[in-house]
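Topology and contacts: notes
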Amino acid sequence: MHLAQFNLARLRAPLDDPATEGFTANLDRINHLADASPGFVWRLVEKDDAVFNPFEDEMVIVTMSVWESHQALFDFTYRTTHLEFLRGRRQWFEHTEEQTVVLWWVPEGHRPTVQEGRERLELLRAEGPGPKAFTFRERFEPEPAR
Amino acid sequence: MSIEAIALLNDPVRRGLYGYVVSQGHDVGRNEAAEAVGVQRTLAAFHLDKLVEAGLLDAVFRRAEGRGGPGAGRPAKYYRRASGEFAVSVPPRDYRTAASLLAEVVDRAGLDERAEDAARAYGRKHGGDPERLLGERGYEPYEEDGVLRMRNCPFHALAEEFPALVCSMNLALLEGLAEEAGWCARMDPAPGRCCVALSKTNEI
């Protein structure tokens, strides 16, 4: 099984606003870093646009990716220059007490859709961490195949 | 058991071996450890294995550098710091749970920047010579190409739980500590070390 990640965040200012520049200016670099990271499998790319917005709200931004293991995703997220990038999140994105990142296991080769990511996030928000939707802090191992 | 593990380090030879192994940045073989501490190889091996038994060190088997293939001999035993933590407090205290709960609140409330401000102010108040301070605070600093890096993260367990919050707070703390000396702290994360690196401001 591989680990899927979905993140949904709402910008404080539009993508072309100077207040968001620190985010947009570094996106390509961070995306390429992900692509080259050990254990990286796949990420959501739409027509080579680094930012993907499938919702009616144009301030909403999602990222979605698949990794070989929990450790691979953790190391990319928190043990590369992505960590420095993350520090800007409070500045660029609206704060919410709701969960914004969800993790879940997918069969190898599976490419999750945005709809699927959104459903997993809603499940996490509704029921808290469980085997079908969890977080970095409260993780679950893949369920044994039946 | 934490107290038994820590008590093992009361022996000067064992403490010397432990201190040497954890400060090398590479796995240490028996010969190297014995030479460093100035004891016989067999005595070093005996004590190193005691430290493994107690969970203070991990043992790994591999062939020496540059040797491989047929005739390379059997793999040798190497030692490195174990990932487990040992803490003893008399009387019992549990700051770890308190820290985790407070971090959860700060994280959920999105108060990262306030935590950074507090950490920076604390660092300034306790500032001084960066290398000495980092050593005293358990960061285990070492110099590499003019940059001061740290082998140990004193906030390790909390930083694994809340990486974005705790690593940013730690960065701000180190910025504050190093400011007086004119050193500059920046994020330079990699697995297996503290995510902050320090350098003299004008050299960045």
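So, a few notes on the structure that sits alongside this text.

Rules of the game
- Residues numbered from 1 in each chain as written.
- Chains lettered and ligands numbered in written order.
- Predicted model: local features only at pLDDT ≥ 70, side-chain atom pairs only at ≥ 80, totals over all residues.
- Helix = DSSP H or I, 4+ residues; strand = E, 2+ residues; numbered from the N terminus.
- Buried ≥ 20, exposed ≤ 12 C-beta atoms within 10 Å, placed from the backbone.
- Rg over C-alpha atoms; globule rule 2.2 N^0.38 Å.
- Contact = placed C-beta atoms within 7 Å.
- Pairing = 2+ DSSP bridges.
- Axes fitted to C-alpha atoms, helices over the stretch in contact; angles between N-to-C directions.
- Expected span 1.5 Å × (residues − 1).
- Nonpolar A, V, L, I, M, F, W, Y, C, P; charged D, E, K, R; others polar.
- Core = buried A, V, L, I, M, F, W, Y, C linked by C-beta atoms within 7 Å.
- Parallel < 35°, antiparallel > 145°, perpendicular 65-115°, else oblique.
- Left-handed = near helix turned anticlockwise from the far one by under 90°.

1. A closer look at the overall build of chain B
Of regular secondary structure, chain B possesses nine helices and seven strands. Dimensions of chain B, computed from C-alpha atoms along their principal axes, come out at roughly 60 × 45 × 30 Å. Here chain B holds 204 residues, and 28% of them are scored as buried.

2. Let's talk about the overall build of chain A
A count of helices and strands for chain A gives five helices and four strands. In terms of C-alpha radius of gyration, chain A reaches 15 Å, essentially the compact-globule figure of 15 Å for 146 residues. Principal axes of the C-alpha set define a box for chain A whose edges measure 50 × 35 × 30 Å. Residues classed as buried in chain A amount to 24% of the 146 residues present. Look at the contacts in chain A between residues 6 or more apart in sequence, and 72% of them connect residues 24 or more apart.

3. Some thoughts on the sheet that holds strand E3 (residues 76-81) of chain B
Residues and elements named next belong to chain B. If you trace the three strands from one edge of the open sheet to the other, you get E1-E3-E2, paired in antiparallel fashion. The outermost strands of the open sheet, each flanked by one partner alone, are strand E1 (28-29) and strand E2 (57-62). Of the strands in this sheet, E2 and E3 touch helix H4 (residues 41-53), which is tilted by about 115° from E2.

4. Notes on helix H9 (residues 163-179) of chain B
Given a rise of 1.5 Å per residue, 17 residues ought to cover 24 Å, and the 24 Å separating the end C-alpha atoms of H9 of chain B matches this to within 8%. Of all the 17 residues making up H9 of chain B, 15 are buried; the element is thus mostly covered by neighbouring parts of the structure.

5. Quick notes on the sheet that holds strand E4 (residues 101-106) of chain A
Residues and elements named next belong to chain A. A sheet is described by the order of its strands in space; here four strands give the open sequence E2-E3-E1-E4, paired in antiparallel fashion. Here the strands that pair on one side only, and so sit at the sheet edges, are strand E2 (40-43) and E4. Within the sheet, the average angular offset between the axes of one strand and its neighbour, ignoring direction, is 20°. In the sheet, strand E1 (residues 2-10) pairs with strand E3 (residues 60-67) via eight bridges, with the strands oriented antiparallel. Considered in E3, the bridge of Arg 10 is made with Val 60. Of the strands in this sheet, E1, E2 and E3 are in contact with helix H2 (residues 70-78), which crosses E1 at around 35°.

6. A look at the interface of chain A and chain B
Contacts between the two partners involve 12 residues from chain A and, on the opposite side, 14 residues from chain B. If you list the elements that add at least two residues to the side of chain A that touches chain B, you get H2 and helix H3 (82-86) of chain A. The element best represented in the side of chain A that touches chain B is H3 of chain A, accounting for three residues. Class assignment of the residues belonging to the side of chain A that touches chain B gives a composition of three nonpolar, two polar and seven charged.

7. As for the pairing of strand E7 (residues 196-200) of chain B
All names here are of chain B. Most of E7 sits out of view: four of its five residues are buried. Pairing of strand E6 (residues 183-187) with E7, which is carried by five bridges, proceeds in the antiparallel orientation. The residue of E7 that forms the bridge with Met 187 is Val 196.

8. Considering the nonpolar core
Residues and elements named next belong to chain B. Val 166, Met 169, Leu 174, Val 196 and Leu 198 are the most contacted members of the largest nonpolar core, which has 29 residues in total. The set of elements that each furnish at least two residues to this core consists of helix H6 (112-125), strand E5 (147-150), helix H8 (156-161), H9, E6 and E7. Considering every element that reaches this core, the biggest residue donor is H9, with 10 residues. Residues within four places of Met 169 in sequence aside, it is in contact with Ala 115, Glu 116 and Ala 119.

9. Observations regarding the environment of Glu 143 of chain A
With respect to the secondary-structure elements, Glu 143 of chain A resides in the segment after helix H5 (114-127). Residues Glu 143 of chain A and Met 1 of chain A lie 142 residues apart in sequence; the distance between their C-alpha atoms is 9.3 Å.

10. Some details on the environment of Arg 43 of chain A
All names here are of chain A. Take Arg 43: it is sitting in strand E2. Separated by 22 residues in sequence, Arg 43 and Ser 65 place their C-alpha atoms 3.9 Å apart. Beyond its immediate sequence surroundings of up to four residues, Arg 43 is in contact with Ala 34, Met 64 and Ser 65.

11. Considerations on the packing of helix H2 (residues 12-22) of chain B against helix H3 (residues 30-37) of chain B
Residue and element names in this part refer to chain B. Relative orientation of the contacting elements H2 and H3 amounts to 120°, with a least axis distance of 10 Å. When the axes of H2 and H3 are compared, the pair comes out oblique. Relative to H3, H2 is oriented so that their crossing is right-handed. In contact with Val 13, Gly 16, Leu 17, Tyr 20 and Val 21 of H2, H3 contributes Ala 33, Ala 36 and Val 37. A class-by-class count of the residues in the contact of H2 with H3 yields seven nonpolar, one polar and no charged.

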